[in-house]
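# Coordinate analysis (summary)
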Amino acid sequence: MVSTDEFVRGYSEAVAAGNAAVFAGAGLSHRAGFVDWKGLLRPFAKDIGLDVNKESDLGAVAQYYVNKHGSRFQFNQRILNAFTSQTAMTENLRILTRLPISTYWTTNYDSLLEEGLKANNRKADKKVSQGSLSSNIEDRDAVVYKMHGDVQDPENTVLIKDNYETYANDHALFRTVLQGDLVSKTFLFIGFSFEDPNLEYVLAQIRVLLGNSVRDHYCFFEKTRKQKKGIRSGFPISLCAAKP
């Protein structure tokens with residue numbers, strides 16, 4: 001664990017050098033009023049006789065529901081309604097989108113990062129599909145990589161087990177770009193649990209390729225979870241004990 005002073009100094013230097021990035025997880029959106037993954041799946045798990053709080057593989061829960069009903073239509077509707085509801089912009093989001101950072105990654109479907117950037121008079125270039133990676137918006141201030149999809153296209157969001165198992169083929173370029181950013185930029189992970197298999201794979205690959213030469217990264221965890229999550233990440237990330 002690093003001290004607050006160490007984090008502020010290290011991350012501020014990365015921001016000033018133009019090498020800082022943010023990775024926003026579900027926890028950041030949950031504090032703004034959106035459901036987390038368990039909240040999203042809870043009614044579907046109940047329909048198939050499962051308690052979402054007792055399940056460790058939520059992708060498998062979603063897959064089971066889809067296999068049973070033969071369609072993910074209800075999931076798509078739930079995503080569309082759950083992540084377009086009225087929420088409040090949090091101070092954390094205001095700060096993160098106000099900073100002179102040009103690279104944002106997220107597994108969230110919502111548009112909070114884009115809205116925060118817009119509120120701070122910054123133009124966002126949203127990347128959702130692999131095709132969008134090859135074209136750039138002129139005069140953009142920041143790029144928002146939505147590696148699990150977007151609320152406006154719920155059919156193609158990464159949600160069920162099959163989506164995770166085919167991610168390496170369906171979203172290979174996203175993994176490549178993320179690997180490059182993790183090698184060359186200093187990340188701040190916020191609202192993230194490090195349980196996502198796609199991020200786990202990328203972090204593991206970088207660790208294998210670079211060994212002890214990887215960059216320092218930072219994350220915010222609740223005090224009661226910091227040690228457990230730090231071990232699970234398997235990546236040299238400095239932990240700040242402050243709540244996001």
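So, here is what we can say about the structure in this document. Everything quoted here is computed from the prediction, not taken from an experiment.

A count of helices and strands for the chain gives 12 helices and seven strands. In the chain, of all internal contacts separated by at least 6 residues, the share reaching a separation of at least 24 is 65%. Within the structure as shown, the chain displays about 12,200 Å² of accessible surface, and the carbon and sulfur contribution to it stands at 48%.

To continue, consider the nonpolar core. Among the nonpolar cores identified, the biggest contains 43 residues, and Tyr11, Phe75, Phe83, Tyr104 and Leu159 are the most heavily contacted of them. Per element, the largest residue contribution to this core is five residues, and it comes from helix α4 (residues 58–69). Ignoring any residue separated from it by four or fewer positions in sequence, one finds Phe83 in contact with Phe34, Val35, Leu40, Tyr109, Asp110 and Val151. Among the nonpolar cores identified, the runner-up in size contains 22 residues, and Leu178, Phe192, Ile206 and Cys219 belong to it.

Moving on to the side chain of Arg175. Along the chain, the position of Arg175 falls in helix α10 (residues 172–184). Not counting residues within four places of it along the chain, the set of residues in contact with Arg175 comprises Tyr167, Ala168, Asn198, Tyr201 and Val202.

Moving on to α10. With 13 residues, α10 ought to run about 18 Å at 1.5 Å a step, and its terminal C-alpha atoms sit 19 Å apart, in line with that. Of the residues making up α10, those classed as buried are Phe174, Arg175, Leu178, Asp181 and Leu182. For α10, the arc enclosing every buried residue in end-on projection is 125 degrees, short of the 170-degree limit, so these residues lie on one face.

It is worth spelling out the side chain of His148 at this point. The residue His148 is located in the loop between β4 (142–146) and α8 (161–165) in this model. We classify His148 as buried; its relative accessible area is 4%. With residues near it in sequence (within four places) discarded, His148 still touches Thr106, Thr107, Tyr109, Thr157, Val158, Tyr164, Tyr167, Asp196 and Asn198.

What follows covers the packing of aromatic side chains. Taken as a whole, this structure holds 14 aromatic pairs when the rule is applied. Relative to Tyr164, the ring of Trp37 has its centre 6.1 Å away and its plane inclined at 40 degrees; by these criteria the two rings are tilted. On the criterion of sequence distance, the pair formed by Trp37 in helix α3 (residues 37–47) and Tyr164 in helix α8 is long-range, its members being 127 residues apart. According to the relative accessible area criterion, Trp37 is partly exposed, its value standing at 30%. Under the relative-accessibility criterion, Tyr164 is labelled buried at 13%. When the ring of Phe44 is compared with that of Phe75, the centres are 4.2 Å apart and the planes differ by 45 degrees; the resulting orientation is tilted.

Definitions and cut-offs
- Residues numbered from 1 in each chain as written.
- Predicted model: local features only at pLDDT ≥ 70, side-chain atom pairs only at ≥ 80, totals over all residues.
- Heavy atoms only, no water.
- Helix = DSSP H or I, 4+ residues; strand = E, 2+ residues; numbered from the N terminus.
- Contact = heavy atoms within 4.5 Å.
- Areas by Shrake-Rupley, 256 points an atom, 1.4 Å probe, with all protein chains shown as cover.
- Core = buried A, V, L, I, M, F, W, Y, C linked by side-chain atoms within 4.5 Å.
- Buried < 20%, exposed > 50% of the residue type's maximum accessible area, 1.4 Å probe, protein only.
- Expected span 1.5 Å × (residues − 1).
- Arc of directions from axis to C-beta.
- Phe/Tyr/Trp six-rings, centres within 6.5 Å; stacked < 30°, edge-to-face > 60°.

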